[in-house]
Amino acid sequence: MKVCMLTWEYPPRIVGGIARHCEGLAKALAKLGVDVDVVTLDFPGAPEYEEIDGVKVYRVRPEIGHPNFLTWVMLFNHFLEKKIAGTAERENYDLIHIHDWLVAPSGVAVKHFLKKPLIATIHSTENGRSGLHTPDSYTIDSWEWWTTYEASKVIVTSNSMKHEVCGHFHLPWEKVEMVPNGIEIEKFNIPVDRVAVRGRYGVSPNEKLILYVGRLVPQKGVEYLIQAVPMIASRYPNAKFIIVGEGWLRDYLESLAQSTGQRWRITFTGFVPDHEAIALMKSADALVIPSVYEPFGIVALEGMTAGVPVIASQVGGLAEIIEHDKTGVFIYPRNPESLAWGVDHVLSNPGHAEWLVKNAHEKVKEMFSWNVIAERTVEIYKSVLGE
Amino acid sequence: MVSSGSESSLPEEFRFLCMLHNIGATTPEHSFSIEEIAKWTSLETSVIRVHLRRLIEMGYVESTKVNETDKYHLTHSGIRKVLSLYS
């Protein structure tokens with residue numbers, strides 16, 4: 001089986017969860033014998049073509065730009081489409097698998113010129129991310145609907161997303177398949193010197209390290225973590241906070257941190273490579289995921305695999321990954337008091353925290369290995385191909 | 001996330017960073033002079049200079065000299081900053 005996978009981000013072009021999802025899925029599919037070509041956008045320093053773990057990766061540089069976002073999207077899709085026209089001459093693709101609306105214009109065009117079925121994974125929706133308030137957001141929403149209309153099957157990563165997508169785009173329930181995100185467990189099997197890792201960020205071994213990892217954008221709710229810092233610090237005067245990630249909200253969050261009077265406790269690292277994020281998770285006392293909208297929440301799986309107690313908002317996919325007080329701790333979204341309670345619940349009872357971590361690790365191994373997810377994806381491919 | 005649709009609610013220098021990214025100024029080989037940026041974005045060169053100074057300070061933009069002219073492009077961190085809006 002030959003699959004052309006289209007995604008606008010693929011490592012080292014990593015922004016959110018899509019790059020990691022596509023990489024994990026493509027590699028696991030290749031292990032199952034599926035021939036996967038990934039066509040994606042370039043990133044400075046990354047080769048135009050490479051083969052990694054059996055996956056062929058083609059990176060495309062759009063030769064024409066435009067300051068307007070939507071115009072730029074249409075332009076880069078033209079260059080993706082042109083690349084696929086070239087690879088399709090050599091490869092007889094059985095199907096096209098696209099990830100999110102950003103590559104839908106090229107994916108839908110390729111579907112029609114190759115006359116092959118289209119599978120679309122919808123990782124999130126414009127309506128869920130930020131609501132529909134502007135002409136651009138209505139256009140994106142329409143593109144998302146069009147993607148689901150053109151696709152033979154739509155894949156989502158959680159049941160909450162299935163409800164959201166079926167409800168918002170009026171799709172038949174049976175057209176949408178739920179296949180969760182996965183995690184490369186082996187990547188986390190690295191020895192970590194906790195003292196050294198903490199030392200790099202000015203956290204001593206006897207201090208409590210509370211970690212956030214993710215984009216710095218409103219849907220992630222990082223402001224509620226920052227608002228909870230004084231409450232947590234009053235109970236744990238030795239608490240330190242590390243906020244890992246990049247995003248347009250960073251300036252605002254840094255000034256919010258300043259306003260708490262506890263800025264010295266909070267470190268903003270910006271983007272860090274995967275191995276450093278894993279080292280931090282393995283060195284932290286708690287991982288907080290304060291999202292207000294989270295279609296899946298891959299960072300929860302990462303924390304559960306790394307062996308750090310996870311404290312997460314009970315929203316979207318997070319509500320399906322975690323079992324309260326068994327594999328993690330739920331908090332109310334948009335609620336700093338609840339967040340502070342969750343952190344205290346974990347820090348005040350190390351034995352219980354250890355039990356949560358053990359349960360979480362077992363659950364990840366059972367349900368979220370890429371091998372299991374790739375097998376399920378192949379079943380969907382086969383159903384679409386009539387095999 | 002702020003998606004594309006909310007770009008207008010961004011601080012001015014980030015809207016400018018997005019424009020610089022979207023016109024393709026993402027490597028030293030594809031960097032743009034202030035005059036070129038002005039043509040692409042319809043912004044005054046004085047405004048562009050202010051944005052660039054601030055974005056360079058924040059580590060999101062770098063300049064290179066090409067034939068005695070200063071040209072500007074996004075750093076990796078700048079690219080990730082922009083993409084965080086859109087993903």
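Residues numbered from 1 in each chain as written. Chains lettered and ligands numbered in written order. Predicted model: local features only at pLDDT ≥ 70, side-chain atom pairs only at ≥ 80, totals over all residues.

(A) Quick look at the sheet that holds strand β3 (residues 69-74) of chain B. Residues and elements named next belong to chain B. The antiparallel open sheet is built from three strands, whose spatial order is β1-β3-β2. Because the sheet does not close on itself, it has two edges, and the strands there are β1 (32-33) and β2 (61-66). Across two bridges, the pairing between β1 and β3 is antiparallel. Bridge assignment links Ser 33 to a residue of β3, and that residue is Lys 71. (Pairing = 2+ DSSP bridges. Helix = DSSP H or I, 4+ residues; strand = E, 2+ residues; numbered from the N terminus.)

(B) Just the interface of chain A and chain B, in detail. In this complex, chain A contributes 29 residues to the contact, which on the side of chain B involves 27 residues. Secondary structure elements with two or more residues in the side of chain A that touches chain B: α2 (69-90), α4 (126-129) and α5 (135-150) of chain A. Taken together, the residues of the side of chain A that touches chain B break down into 13 nonpolar, ten polar and six charged. (Contact = placed C-beta atoms within 7 Å. Nonpolar A, V, L, I, M, F, W, Y, C, P; charged D, E, K, R; others polar.)

(C) Structural view of the sheet that holds strand β3 (residues 49-52) of chain A. Residue and element names in this part refer to chain A. Read across the sheet, eight strands follow the order β3-β4-β2-β1-β5-β6-β7-β8 without closing on themselves; strand pairing throughout is mixed. The open sheet is flanked by β3 and β8 (176-178), the only strands paired with a single partner. Put simply, the sheet's adjacent strands are angled 25° from each other on average, direction ignored. Inspection of the sheet shows strand β1 (residues 2-6) paired to strand β5 (residues 95-99) by four bridges, in the parallel sense. From the neighbouring strand, Met 5 faces β5, where its bridge partner is His 97. Together, β1, β2 (35-41), β4 (55-60) and β5 form the strand contacts of helix α1 (residues 17-31), whose direction differs from that of β2 by roughly 160°. Contacts between helix α3 (residues 104-114) and the sheet are confined to β1, β5 and β6 (118-121), with β5 contributing the most and set at about 170° to the helix. (Axes fitted to C-alpha atoms, helices over the stretch in contact; angles between N-to-C directions.)

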